[in-house]
Amino acid sequence: MLKPTEKIWHNGRFIAWDEARIHVLSHVVHYGSSVFEGIRCYATPSGPAVFRLTEHVRRMLDSAKIYRMEPLAFTAGQLADSIKELVRVNHLEACYIRPILFRGYSDMGVYPLNNPLEIYLACWEWGQYLGEEALAQGVDVCISSWRRIAPDTLPALAKAGANYMNSQLMKMEAVTNGYSEAIALDAAGYISEGSGENIFVVRDGTIHTPPLGASALPGITRDTVIRLAMDAGIPVVETALPREMLYIADEVFFSGTAAELTPIRSVDRIVIGQGRRGPITEKLQKEFFAIINGTKPDKHGWLHPVHVKEAVTA
Ligand code: PPE
């Protein structure tokens, strides 16, 4: 069970964890009207640092714009600073941070524009998303019988609460059938993403990943993987991938804030490569962890120490 921290931020002020409650007739409860983020803060030698904070705040504001959740009372810079303050007031070194923006309580009915917007920032300690052994051993996954949300149904570039009803169908089916996670195909039948992760497929030394048009979330860890691969001189292509590319791959892995870089050792019980973490996955994991642990220079400027105020005030 979730271990409470001291404080949660609500619309600009800190409240006690237990006071962060909403009315059952809030719009979001009935119609899924929320957008959110998932961010990790890592313990580095120079103190806790939030990973790619600017990009996460930007994606949250993009999601809000797509759903006409504007204007917001807070700028990107204010939100970024509040996220850092949240980590500081809760005295955490490493944690997961969950900003959420949703439509609150006033009118009932689908039409949302008269309902107030509420923003909360919460954080807690969160370990390995797909199990303790996952990062080293890899996980067993299946192709979901559920397709990912089609582009003209729910916008996949928005990280909206409602998208996770589709994710839940995928995840429940997978776990019920003895898998750790599911990969969905998009509306056209090509590989899309996991219920809470982007996906990468390695064959003959080249990394492949579905384009954003395949109903995949523009993952910030996905972008991190692409940049780390480019730094290491490993070719990366974004292209439509048929399901069977997974079966004949040398390596397959997931990326995500919660899942970090998790190797996949089988898909539909077909063994991938040698059935364990492959060399390219391991190299990228090492590069990733070296940066977030502060043992390699953060040359891309991805770490935002929580005791330093954000430069952006826009
Ligand atoms: N696709 C989906 C559907 C997704 O939910 C995530 C993150 C990603 C891709 C990877 O995006 P990024 O975190 O920016 O690299 N999923 C978040 C929520 C997990 C949850 O169970 O809640 C996460 O990893 O934080």
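The rules behind these values
Throughout this document, residue positions are counted from 1 along each chain, in the order its sequence is written. With the structure being a predicted model, the display of local features is reserved for residues of pLDDT at least 70 and the display and counting of side-chain atom pairs for 80 or more, all residues being used for whole-chain, interface and lining totals. For side-chain calculations, the full set of non-hydrogen atoms in the structure is used, while hydrogens and water are omitted. Each helix corresponds to a stretch of at least 4 residues labelled H or I by DSSP, and each strand to a stretch of at least 2 residues labelled E; elements are numbered beginning at the N terminus. Working definition: with a 1.4 Å probe on protein chains only, accessible area under 20% of the residue-type maximum means buried, over 50% means exposed, and in between means partly exposed. Each accessible area value is a Shrake-Rupley result obtained with a 1.4 Å probe; residue values ignore everything except the protein chains displayed when judging cover. For the purpose of charge, His is not counted, nor are the chain termini; Lys and Arg are scored as positive and Asp and Glu as negative. We put the charge of a Lys on NZ, of an Arg on CZ, of an Asp on CG and of a Glu on CD. Only one rule defines a salt bridge in this text: a Lys or Arg side-chain nitrogen within 4 Å of an Asp or Glu carboxyl oxygen. Note on contacts: a residue pair is in contact if any heavy atoms of the two residues lie within 4.5 Å. We define proximity as follows: a residue is near a molecule or strand when any one of its heavy atoms falls within 4 Å of that partner. Here a polar contact means two N or O atoms within 3.5 Å. Within protein one must be a hydrogen donor candidate and the other an acceptor candidate, and residues neighboring in sequence count only if both atoms are side-chain atoms. A 1.4 Å probe that fits but cannot get out identifies a cavity on a 1 Å grid over protein atoms alone, an open set with protein on both sides within 12 Å along at least five of seven lines counts as a pocket, and a residue lines either if it has an atom within 4 Å of a point. For a molecule to be placed in a cavity or pocket, more than half of its atoms must lie within 2 Å of the grid points of that cavity or pocket. Note on terminology: pairs of cysteine sulfur atoms within 2.5 Å are recorded as disulfides. Each patch is built from residues lacking any salt bridge and having more than 30% relative accessible area; the joining distance is 9 Å for like charges and 5 Å for nonpolar side chains (Val, Leu, Ile, Met, Phe, Trp, Tyr). When the centres of two rings from Phe, Tyr and Trp lie within 6.5 Å, Trp using its six-membered ring, the rings pair. Their planes under 30 degrees apart give stacked, over 60 give edge-to-face, and anything left gives tilted. A ring is scored as having a charge over it whenever the NZ atom of a lysine or the CZ atom of an arginine sits within 6 Å of its centre and within 35 degrees of its normal. Here the expected span of a helix is defined as 1.5 Å times the quantity of residues minus one.

Chemist: Whenever I open this one, the overall build of the protein confuses me. Can you help?
Modeler: Broken down by element type, the protein carries eight helices and 17 strands. For the protein, the spread of C-alpha atoms along the three principal axes comes to 55 × 45 × 35 Å. Burial analysis of the protein (314 residues in total) assigns 50% to the buried set. Surface summary for the protein: the accessible area is close to 14300 Å², and the carbon and sulfur share equals 55%. Of the side chains in the protein, 31 bear a positive and 35 a negative charge, and the two mean positions are spaced by 1 Å.

Chemist: Help me understand the side chain of Glu197, please; the structure alone is not making it clear to me.
Modeler: Relative to the assigned elements, Glu197 resides in the loop between strand S10 (191-194) and strand S11 (198-203). The buried charged residue Glu197 lacks any salt bridge partner; its closest oppositely charged side chain belongs to Lys171, at an N-O distance of 5.0 Å. Excluding anything up to four places from it in sequence, Glu197 contacts Tyr129, Leu130, Glu181, Phe254, Ser255 and Ala259.

Chemist: Would you mind showing me how to read the site of the ligand here?
Modeler: Within the structure, the ligand sits among 23 residues, and Tyr96, Tyr129, Tyr164, Thr221 and Thr257 are positioned closest to it. Between the ligand and Tyr129 there is a distance of 2.4 Å, counted from an oxygen atom to a side-chain nitrogen or oxygen. At a separation of 3.3 Å, a nitrogen atom of the ligand approaches a polar side-chain atom of Lys159. The cavity that encloses the ligand is the largest pocket. Taken together, the elements giving at least two residues each to the shell around the ligand come down to strand S6 (95-103), S10, helix H6 (220-231) and strand S14 (251-256).

Chemist: Even after reading the chapter, I still don't get the state of the cysteines, so can you show me in this structure?
Modeler: By definition, a disulfide is the covalent link that joins the sulfur atoms of two cysteine residues. Using the criterion set out here, one finds zero disulfides in the structure. Not engaged in a disulfide, the cysteine Cys95 finds its nearest cysteine sulfur in Cys123; these two sulfurs lie 4.3 Å apart. You can call Cys95 buried: its relative accessible area is 2%. We classify Cys123 as buried; its relative accessible area is 0%.

Chemist: Explain a nonpolar patch on the surface to me, please; I cannot follow it from the model alone.
Modeler: Taken together, Ile22, Val24, Leu25, Val29, Tyr31, Tyr105, Met108 and Val110 make up a surface patch of nonpolar side chains, about 750 Å² in accessible area. Within the secondary structure layout, Val110 lies in the loop between S6 and strand S7 (117-124).

Chemist: Please explain the packing of aromatic side chains as it appears in this structure.
Modeler: As enumerated under the stated definition, the model contains twelve aromatic pairs in all. With a centroid separation of 5.0 Å and an interplanar angle of 65°, the aromatic rings of Trp9 and Phe74 are classed as edge-to-face. With Trp9 in strand S1 (residues 7-10) and Phe74 in the loop between helix H2 (53-66) and helix H3 (76-89), this residue pair connects regions lying 65 residues apart in the sequence. With relative accessibility at 18%, the residue Phe74 sits in the buried group. The interplanar angle of 75° and the centroid separation of 5.9 Å between the aromatic rings of Phe51 and Trp302 together place this pair among those described as edge-to-face. Of this pair, Phe51 sits in strand S5 (residues 47-51) while Trp302 sits in the loop between helix H8 (279-292) and strand S17 (303-305); the two residues are 251 residues apart in sequence, bridging distant segments of the chain. Counting every residue linked through ring pairs, the aromatic cluster contains Tyr42, Phe51, Phe288, Phe289 and Trp302. In this structure, Lys171 is placed above the aromatic ring of Tyr129, and the distance from its NZ or CZ to the ring centre is 5.6 Å. Geometry around Tyr179 places Arg269 over its ring, the cationic atom sitting 4.3 Å from the centre.

Chemist: Honestly, H8 in this entry has me stumped. Any pointers?
Modeler: An α-helix turns once per 3.6 residues; consequently, residues spaced three or four apart project the same way. End to end, H8 covers 20 Å across 14 residues, agreeing with the expected 20 Å (1.5 Å per residue, within 8%). Within the sequence span of H8, burial applies to Ile280, Thr281, Leu284, Gln285, Glu287, Phe288, Ala290, Ile291 and Ile292. Just downstream of H8, Gly294 is the residue with a positive phi angle, here 80°.

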